[in-house]
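Observations on the three-dimensional arrangement
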Amino acid sequence: MMRSDDTPITPDLFADQAPTTLGQAERIGQQSFVLRGFALPWLDRLLPELEAVLQAAPFRQMVTPGGFTMSVALTSCGALGWTTDRSGYRYTREDPQTGRPWPAMPTLFRELAQAAAATAQFEHFEPDACLINRYVPGARMSLHQDKDERDFSAPIVSMSLGLPAVFQFGGFERSDKSLRVPLFHGDIVVWGGVDRLRYHGVLPLKPGQHPRLGAQRINLTFRTAG
Ligand code: SIN
Ligand code: FE2
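These figures come from a predicted structure and were not determined experimentally. (Residues numbered from 1 in each chain as written. Chains lettered and ligands numbered in written order. Predicted model: local features only at pLDDT ≥ 70, side-chain atom pairs only at ≥ 80, totals over all residues. Heavy atoms only, no water.)

Brief notes about the coordination of the iron ion (ligand 2)
In an ideal tetrahedron of four donors about a metal, each angle is 109.5 degrees. In an ideal octahedron of six donors, the angles are 90 or 180 degrees. Condition: Water is absent from the atoms considered, so a metal site may look incomplete; donors are defined as N, O and S atoms within 2.8 Å of the metal, or 3.2 Å for Na, K and Ca. Numbered from the N terminus, helices here are DSSP runs of H or I no shorter than four residues, and strands are runs of E no shorter than two.
Coordination of the iron ion (ligand 2) by the protein comes from H144 (NE2), D146 (OD) and H200 (NE2), over a distance range of 2.1 to 2.2 Å. Donor residues for the iron ion (ligand 2), ordered by position in the chain, follow H-x1-D-x53-H. Here H144, found in strand β9 (residues 141–144), pairs with H200, found in strand β14 (residues 200–202); they are 56 residues apart in sequence, far enough to count as distant.

Written out as structure tokens, the structure reads:
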């Protein structure tokens, strides 16, 4: 039997629903797009801001309600940050590690997320949470839905930095076939609308050295959570 994540990305999987491009955007679902290299022109200004956020709220490995330590290390910025521990998944106003509010979301982050959302035809995106994930070689994120946000009318805007990874973009059941989308430094994926609750995940990161970020991948996801 074929594993659910073994389907390579094919241009015609959604051909019955929608054209496969929108301007420069690659369409991976009816309302889902990969914007190749979209963040690249912003990174000279963005990376120092990211550095400052990480100083204030360092990466930490969190425990799932089931008692597993996630292989991905996490932190957040913005009015709300995402946390998991033995009592469940939730958004909080304070970083549980410091007891202080999460670092503010830099204006530049918000502007970039809004520009990407607008390119994918989601106008007026107002993110109040930015989750920051760090993958070292071997780290992965299993298929899940982003459903801890209060309102699903806003899209998810997801930016990749550093080492490449394979993003899985699936259906509405965990067992549905998923596309495999290679993501590179500076790529942004936007999914929302009818696609907002699609399962997605990241295959184990392959070892490597990225010229700017070293042996890691950092992913930022912008959400309207509250
Ligand atoms: C996530 O689903 O929160 C992360 C996706 C990614 O790392 O590309
Ligand atoms: Fe997610």
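Description of the side chain of R196
Counted only if it meets this: Buried, partly exposed and exposed residues are distinguished by accessible area as a fraction of the type maximum, computed with a 1.4 Å probe on protein chains only: under 20%, between the cut-offs, and over 50%, respectively. Contacts described as polar in this section are N or O atom pairs within 3.5 Å, which, within protein, must combine one atom able to donate a hydrogen with one able to accept it, while residues neighboring in sequence count only if both atoms come from side chains.
Checked against the element boundaries, R196 lands in the loop between β13 (188–191) and β14. The class of R196 is buried, set by a relative accessible area of 2%. At 2.7 Å, the side chain of R196 forms a polar contact with the backbone oxygen of D146.

Concerning the pattern of salt bridges
To keep things clear, this is the line we draw: We define a salt bridge as a contact between a side-chain nitrogen of Lys or Arg and a carboxyl oxygen of Asp or Glu at a distance within 4 Å.
Under the counting rule described, the total for this entry stands at nine salt bridges. The partner of E26 in a salt bridge is R36, with the nearest N and O atoms 2.9 Å apart. Residue E26 is located in strand β2 (residues 25–29), and its partner R36 is located in the loop between β3 (32–35) and α1 (43–56); the two are separated by 10 residues in the primary sequence. Note on E26: relative accessible area 28%, which makes it partly exposed. Assessed through its relative accessible area of 32%, R36 is described here as partly exposed. A salt bridge links R60 to D95; the nearest nitrogen and oxygen atoms lie 2.8 Å apart. Residue R60 is found in strand β4 (residues 60–63), and its partner D95 is found in the loop between β7 (88–92) and α2 (107–119); the two are separated by 35 residues along the sequence. Sharing partners across several salt bridges, the network here consists of D146, E149, R196 and R223.

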